[in-house]
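Geometric and topological summary
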Amino acid sequence: MEGNIKLIRDDGLRLDGRANNEMRPIKIQTGVVDRADGSAFIEWGANKIIVAVYVREAYPKHAQNIDRAIVKARYNMSGYSVEERKRPGPDRRTMEISKVVSEALSSAIVLEKLPRAEVDVFIQVLEADAGTRIASLTASSVAVADAGVPMRDLVVGCTAGKADGKIVLDLSKDEDNFGQADIPMAILPRTGKVVLLQLDGDVTEEEFNQATSMMMEAMPRISEIQRNALMDKYSLEDGE
Amino acid sequence: MEGNIKLIRDDGLRLDGRANNEMRPIKIQTGVVDRADGSAFIEWGANKIIVAVYVREAYPKHAQNIDRAIVKARYNMSGYSVEERKRPGPDRRTMEISKVVSEALSSAIVLEKLPRAEVDVFIQVLEADAGTRIASLTASSVAVADAGVPMRDLVVGCTAGKADGKIVLDLSKDEDNFGQADIPMAILPRTGKVVLLQLDGDVTEEEFNQATSMMMEAMPRISEIQRNALMDKYSLEDGE
Amino acid sequence: MEGNIKLIRDDGLRLDGRANNEMRPIKIQTGVVDRADGSAFIEWGANKIIVAVYVREAYPKHAQNIDRAIVKARYNMSGYSVEERKRPGPDRRTMEISKVVSEALSSAIVLEKLPRAEVDVFIQVLEADAGTRIASLTASSVAVADAGVPMRDLVVGCTAGKADGKIVLDLSKDEDNFGQADIPMAILPRTGKVVLLQLDGDVTEEEFNQATSMMMEAMPRISEIQRNALMDKYSLEDGE
Amino acid sequence: MVNKMPMDASAVLSEIRKGFILESIKTGKRLDGRRLDDYREIKITENFVPKAAGSAMVEIGKTKVVAGIKVEEGDPFEDSPDSGVMALNIELLPMAFPTFESGPPSEQAIEYSRVVDRGIRESKMIDTSKLVIESGKRVWMIFVDIDVLNYDGNIIDAATLAAVTALKNTVVPASKIGQKDYALPVNATPVSVTMVKIGDELVCDPDLEEEQVSNGRITVTISEDHNIHAMQKGDIGEFSLDEIRKAIKTSSNIGNKLRETYLR
Amino acid sequence: MVNKMPMDASAVLSEIRKGFILESIKTGKRLDGRRLDDYREIKITENFVPKAAGSAMVEIGKTKVVAGIKVEEGDPFEDSPDSGVMALNIELLPMAFPTFESGPPSEQAIEYSRVVDRGIRESKMIDTSKLVIESGKRVWMIFVDIDVLNYDGNIIDAATLAAVTALKNTVVPASKIGQKDYALPVNATPVSVTMVKIGDELVCDPDLEEEQVSNGRITVTISEDHNIHAMQKGDIGEFSLDEIRKAIKTSSNIGNKLRETYLR
Amino acid sequence: MVNKMPMDASAVLSEIRKGFILESIKTGKRLDGRRLDDYREIKITENFVPKAAGSAMVEIGKTKVVAGIKVEEGDPFEDSPDSGVMALNIELLPMAFPTFESGPPSEQAIEYSRVVDRGIRESKMIDTSKLVIESGKRVWMIFVDIDVLNYDGNIIDAATLAAVTALKNTVVPASKIGQKDYALPVNATPVSVTMVKIGDELVCDPDLEEEQVSNGRITVTISEDHNIHAMQKGDIGEFSLDEIRKAIKTSSNIGNKLRETYLR
């Protein structure tokens, strides 16, 4: 979060040519891990993330919740996914992400419909390029739906931040590294309720409001990509 | 245990002004960890140690002793408690201390009165200044009593050692680092039986006897501080 | 597996004076770990390896196989067994060896005769001098028999390899380090079936065949040493 | 005694007790008499561990934490040769609560640590540029260790208060390398305010029972520059944007009061 | 849904299904129509992870792996001062199969890694002598990470194919140290062929069900020099010497075809 | 066979057997015919592992341990620049007893290691000042690894005997750094004597059954200077001061005999 690098060009656009409120391209595909109950692959800018969902009886017995499901997301990075080789296994950052993603998904899943169950959400980041936690959550929510798990809504997320003093949508890697703030957020689109929110950096109250408005505007577009991914699958299945 | 630093002044007193058989000041307070079944805080010289005791059914079942309690003390040091920052988690030294403290407490607790139970004694060293194992055990014994666990006696301990060739009571940090021997000992005061004893360094049989005599003389004074700590609590409780 | 060191002398013999198809001396002794159900000590050249076998009900219950035994070999090296001090605990090499040795023994043991059992084979390499996996397996098989576990046959193994471009039997440490290939193999001698086979290096099909023939010829000699070790014990027991 | 489980172990509150809490909060009052944005009594003992470079014990109600600072020489990160290093770690000691376990830190401990760390780091409280011994080679490393000794809710705020207090009384032991000791250069005083949602209300400084009946937690860390430096929505639950905005305003107001009362 | 266990979890095939597989193989045909030495459809996506130094996704039937290469500066081993270093690791990700677990690698993952590693290392595929930055001091380290995303048998061959493909498109980032980037110098193209024994037959490229009914696995890795560089007999089971010789011939033939089709 | 548990696994002796042991000891005799301060037969095989820098196998009755020494170059501790380093570790191998487990060392293994270590270290057996290669930079590190192969009581004395014997035949491989190899400089020969309390008696060199019926263990390590260098009271149980003084005398007498017989 250092601020001495120019991130907004003279023409007012960002280094990668995007306008302040412009997202990077997003593609989602389901049914990519044959063995799993549900799965999704998301490409969000240069991010490449694969998610697989298994639904099973929680084990051991005393870890079960007799009246609802437990949701366990595990965010994991491939060795080659980042600039410097990542050693296998969780670290403090990935453990925090696993926790907030698990909690956000728990708010969307109808937990009471799956007593004693564990919903395991395995997230593998194959290529990381800023915004992986939100891209992971957005894909996870599709993978959970693909597994047939009953959901109140499809969680959808994006990030905004501050770069060169301006509020911009969907931070790039440079903006994430050299900008002044990073605000990932996820909502349940039907109600607009926030199920994930983090912030680090330096923003005023007004800037925060501007960032959240910008994200709220973008959410429906991402939701549509999620819904299309799920429909593609079912139309294909019908068409077979 | 190196011996080329002067530890006894020309006036025969020790570097911190104490006589050979003089203890550092000791304060003990109970009821300091609200959540626990029993607790104690000890300040012994500059040592600051907090102990909390939980009594519960041993888990898992096959770890239970059907006819008596298991006592598990865990001696742990805060990162900031010693000169060089201590990494979290047990090391070989702390594991040995946990073992000898557990065994000493086991000799004092009426284990048969608590079949299937586990008495967990969590020891946290917040500031370390020589003699922490003995201070921990002395406080643990008060915390176990504070938890209402039936005891045959209150274990009490202190150390003696050899500094500049002289036997001295209650080693200071310097005497511990640069002296020639360290002898921690703990007893059950009613019978005078020894429940913890370690020695490392270089002492003759005579010096060993001198050291134990010196400690035996000091024990009743420490016992009194223990008993007062427990009484303070109950008189306060009565007075409330 | 580098090849620029002379491993065959001008007289055609190997650096340690052996002919191409000559083994190092092998000694096997049983009953060396009193506490265990079966045990064996093997000296194979300068290799010194001790093996102890325990047969017990597999634990926990859900790890049991209701219709047959599980065999778990654990190959472990002493800190002083190799040139550079080995840290305690398994590493990737020792875990692979444990796996292939377990599988080879499983092929020899009549698993169905021991439903729900676990056959634990603890292998400790006290001194390592090339060929430890094969020496371990050869000794393990004797120790398992010594434990009275029903076996279809005694697994027997040896290695061949390529040194200075020649196929030689039972690689020495130098030949292992500086030769061009290493081929450990183990068989059930009654049928000649191969239960362990690995290769790394650079050999032609013809060289491979030459190596396996050389090993097949040596196997009966090693088998005999195994059988004698078991008989020594029983004749001794009878004679006592 | 053996079978006695602390009332609130494993997060099990009786339904009756839950009902009491919820009903009370609907009326704007909490079971212990506090209003929704009241903190419990706060007690700070500075320099609790004199041998540390800085330290503080903080009690918020029955929640009790100790923060201690160690300052040691170390290597800078390759990409910031002219900057000292801070590492912050919260230990949820097993003595503090029946379900806290020994061993590597839980997800909960890590989340708490990272939220407290971000508030301090992003407010630029520590002037890391003044912690360089030799550019690119040797810098001062600030280890902030926070031990939770007793758990009765709201660890994040107690830990932030303890860490900030301890850092403000920290001395860099430069005499070890032949220079003069100096007070750790501090530029800001971040304060975190944590709220939980109970029914439709935001409740500040929850105690453990309140945490157990709540649906979602939110922390906002603001410095004297009035800017937001860290936010974290935690636990299962959801907030409307309006609630989040309200949480920011509350944090701003309450945080200012806490700073003036406890951190001058 | 909760109690639904994938058909093949914990290696439990119904006896009926087992019978079908065995009967079919006796006739020289497999349940999916393949002959005994046919591979399933192979799909290779080169440069699947553009930010890595090299990468490939390989699918053999439903088995899916990704290999990615990182090239970093590091220290040479003391006994080979003029040689770069390769480290290869296969992760059996828990997403790939219900019984795969998080945590340190299992014996299975380690065996697979070491077999793939040996094939590449012993064929001298990578010219490590051209990876020296400063003799005895600084070399390039090649990290080959292979993630198994979906498991349907024959991981060893999929991983070898992915690693070899990725290494062939790897660029050494020498511009980081003021030199020119260059393609990783590659001298050989090893191909592994894995067979299992089902009944009395050797079956190439087993899928998961075939692995489950098999008695013994054998892998032979051969390079374009026609020499054998790695062999591994794995799993419980036994082979006659004749079967092993046959396996070598099959590997030689099939391996050549795979190399020409997929690795030019 | 499967259900057969070794008689003494999990420390369960029958009450009848316990009675026998206790009754016998009251009469001053032990079940195996030894008097209270007799050791079992001791067998020492020096240089058992010729490739190690020093080694010994020691058997006391059925208890069997191997000590091996490695001498390697390493860094001195910052606070003792002119001193070599010794590290000693006892492994309670799972082969030695049914309840010993693989993995990180147990509390028992660590206690035993530290008692043996202290006896050797505090007697100043090894002249660490003669292990300096370059002051403050490079020293010889002495790794003492002790493996317990079979457990039948009194590991501490067996391990001390093995370590001391191995150290006495250790050669420092100085030829590796262009100097002459030399015998490890040894100044003292510490001997530990371990006793347990059974009923009212102190019993030397307990076997496993005796350990199981005992109430408290005490080890005293004395060197030829007749001074005490290490003591350890272990296990649950208590001793009077008189008993401790008696233990010191016994250790002094028996230790001398052991030294003269086995460690010349």
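A quick note: this is a predicted structure, and the numbers were derived from the prediction, not measured.

Section: the arrangement of the chains
At their nearest point, the C-alpha atoms of chain B and chain E are still 20 Å apart, with no contact between the two. Left apart from each other, chain D and chain F have a closest C-alpha approach of 14 Å.

Some points on the confidence of the model for chain D
Residues and elements named next belong to chain D. Summarising the model, chain D shows a mean pLDDT of 94, and 95% of its residues fall at 70 or more. Within the model, pLDDT remains below 50 along residues 1-10, and this stretch shows 22 contacts once partners closer than five positions in the same chain are excluded. Note on the complex model: pTM 0.95, ipTM 0.95.

Focus on the packing of helix H2 (residues 107-122) of chain E against helix H3 (residues 155-168) of chain E
Residue and element names in this part refer to chain E. Direction vectors running N to C along H2 and H3 enclose 45°, while the axes themselves pass 10 Å from each other. Between H2 and H3, the angle is such that the two are oblique. Relative to H3, H2 is oriented so that their crossing is right-handed. Facing Tyr112, Val115, Val116 and Ile120 of H2, the residues of H3 in contact are Ile155, Ile156, Ala159, Thr160, Ala163, Val164 and Leu167. The class makeup of the residues in the contact of H2 with H3 is ten nonpolar, one polar and no charged.

Regarding the interface of chain D and chain A
Taken together, the contacts link 36 residues of chain D with 32 residues of chain A. Around 3,000 Å² of area is buried between chain D and chain A when both sides are counted, 51% of it from carbon and sulfur atoms. Of all residues in chain D, the largest losses of buried area upon contact with chain A belong to Glu107, Lys233 and Glu238 of chain D, amounting jointly to 20% of the total for that side. At the surface where chain D touches chain A, the tally comes to six salt bridges. Here Arg114 of chain D makes a salt bridge to Glu96 of chain A, at a shortest N to O gap of 2.5 Å. If you look at where chain D meets chain A, you find 20 residue pairs in polar contact (both at pLDDT 80 or more). Looking at the side of chain D that touches chain A, the elements that each hand over two or more residues are strand E4 (85-92), helix H2 (107-122), strand E11 (217-222), strand E12 (228-234) and helix H5 (241-262) of chain D. No other element matches H2 of chain D, which puts eight residues into the side of chain D that touches chain A.

Cut-offs applied
Residues numbered from 1 in each chain as written. Chains lettered and ligands numbered in written order. Predicted model: local features only at pLDDT ≥ 70, side-chain atom pairs only at ≥ 80, totals over all residues. Heavy atoms only, no water. Contact = heavy atoms within 4.5 Å. pLDDT = per-residue confidence, 0-100. Axes fitted to C-alpha atoms, helices over the stretch in contact; angles between N-to-C directions. Helix = DSSP H or I, 4+ residues; strand = E, 2+ residues; numbered from the N terminus. Parallel < 35°, antiparallel > 145°, perpendicular 65-115°, else oblique. Left-handed = near helix turned anticlockwise from the far one by under 90°. Nonpolar A, V, L, I, M, F, W, Y, C, P; charged D, E, K, R; others polar. Buried area = accessible area lost by both parts, 1.4 Å probe. Salt bridge = Lys/Arg side-chain N within 4 Å of Asp/Glu carboxyl O. Polar contact = N/O pair within 3.5 Å; in protein donor to acceptor, adjacent residues only side chain to side chain.

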